[in-house]
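# Coordinate analysis (summary)
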Amino acid sequence: MQLDLWTSAFCAPCAAARRVTAEAAGLVPGLRVTERDVAAHLDTAEDLGIRSTPTIIVRRDDGAEVFRSPGVPSRDQLLLAVAKAL
């Protein structure tokens, strides 16, 4: 499964989102976390409907989105979303 973390350079909540995603990655074997800066990937962010940072998207291995969080979810919320991707 894949977790995409969309961030921006001057986003204070992005640091908290990094911590939550790192915790999840440490607890869930096989969880791939990719951080992308919105400014560096404007077209992709627009195509995905990213309107704020941080935004976290969890996908199954087939690419289907199972969870999206604009803002910082709790660790438990994120782990539940990751479980849906299994």
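Summarised in this report is the structure supplied together with it.

Procedures and definitions
Residues numbered from 1 in each chain as written. Predicted model: local features only at pLDDT ≥ 70, side-chain atom pairs only at ≥ 80, totals over all residues. Heavy atoms only, no water. Helix = DSSP H or I, 4+ residues; strand = E, 2+ residues; numbered from the N terminus. Rg over C-alpha atoms; globule rule 2.2 N^0.38 Å. Buried < 20%, exposed > 50% of the residue type's maximum accessible area, 1.4 Å probe, protein only. Contact = heavy atoms within 4.5 Å. Areas by Shrake-Rupley, 256 points an atom, 1.4 Å probe, with all protein chains shown as cover. Lys, Arg positive; Asp, Glu negative; His and termini not counted. Charge placed at Lys NZ, Arg CZ, Asp CG, Glu CD. Disulfide = S-S within 2.5 Å. Pairing = 2+ DSSP bridges.

### Digging into the overall build of the protein chain
- Of regular secondary structure, the protein chain possesses 3 helices and 4 strands.
- Starting at the N terminus and walking to the C terminus, you meet the elements of the protein chain as β-α-β-α-β-β-α.
- A compact globule built from 86 residues would reach a C-alpha radius of gyration of about 12 Å, and the protein chain, at 12 Å, matches this within 12%.
- Oriented by its inertia axes, the alpha-carbon framework of the protein chain measures out at about 30 × 25 × 15 Å.
- Considering the protein chain as a whole, with its 86 residues, one finds that 36% of them fall into the buried category.
- By sequence separation, contacts in the protein chain at least 24 residues apart represent 64% of the contacts at least 6 residues apart.
- Counting only carbon and sulfur atoms, one obtains 54% of the accessible surface of the protein chain, whose full area is about 4,800 Å².
- Charge separation in the protein chain, taken as the distance between the mean sites of 10 positive and 11 negative side-chain charges, equals 4 Å.

### Comments concerning the environment of Val 66
- For Val 66, the location among the structural elements is in strand β4 (residues 65-70).
- By relative accessible area, Val 66 is classed as partly exposed at 22%.
- Residues Val 66 and Lys 84, spaced 18 residues apart in sequence, show a C-alpha to C-alpha distance of 6.7 Å.

### Observations regarding the state of the cysteines
- Overall, the coordinates contain 1 disulfide when judged by the stated rule.
- The residue that forms a disulfide with Cys 11 is Cys 14, at a sulfur-sulfur distance of 2.2 Å. In this structure, the disulfide formed by Cys 11 and Cys 14 twists by about 90° around the S-S bond and is classed as right-handed.

### Here's the deal with unusual backbone geometry
- Residue Pro 54 is bonded to the preceding Thr 53 through a cis peptide linkage, with omega at -5°.
- Along the chain, the position of Pro 54 falls in the loop between α2 (42-48) and β3 (55-59).

### Here's the deal with the pairing of β3
- Most of β3 sits out of view: 5 of its 5 residues are buried.
- Two strands pair when backbone bridges link them, and strand β1 (residues 2-7) and β3 are joined in this way by 5 bridges, in the antiparallel orientation. When the bridges of β3 are listed, Asp 4 appears paired with Ile 57.
- Alignment of β3 against β4, held across 5 bridges, turns out to be antiparallel. Residue Arg 59 lies in a different strand from β4, and its bridge partner there is Glu 65.
- Linkage of β3 to β4, two consecutive antiparallel strands, is achieved through a turn of 5 residues, within which Gly 63 is found at a positive phi near 95°.

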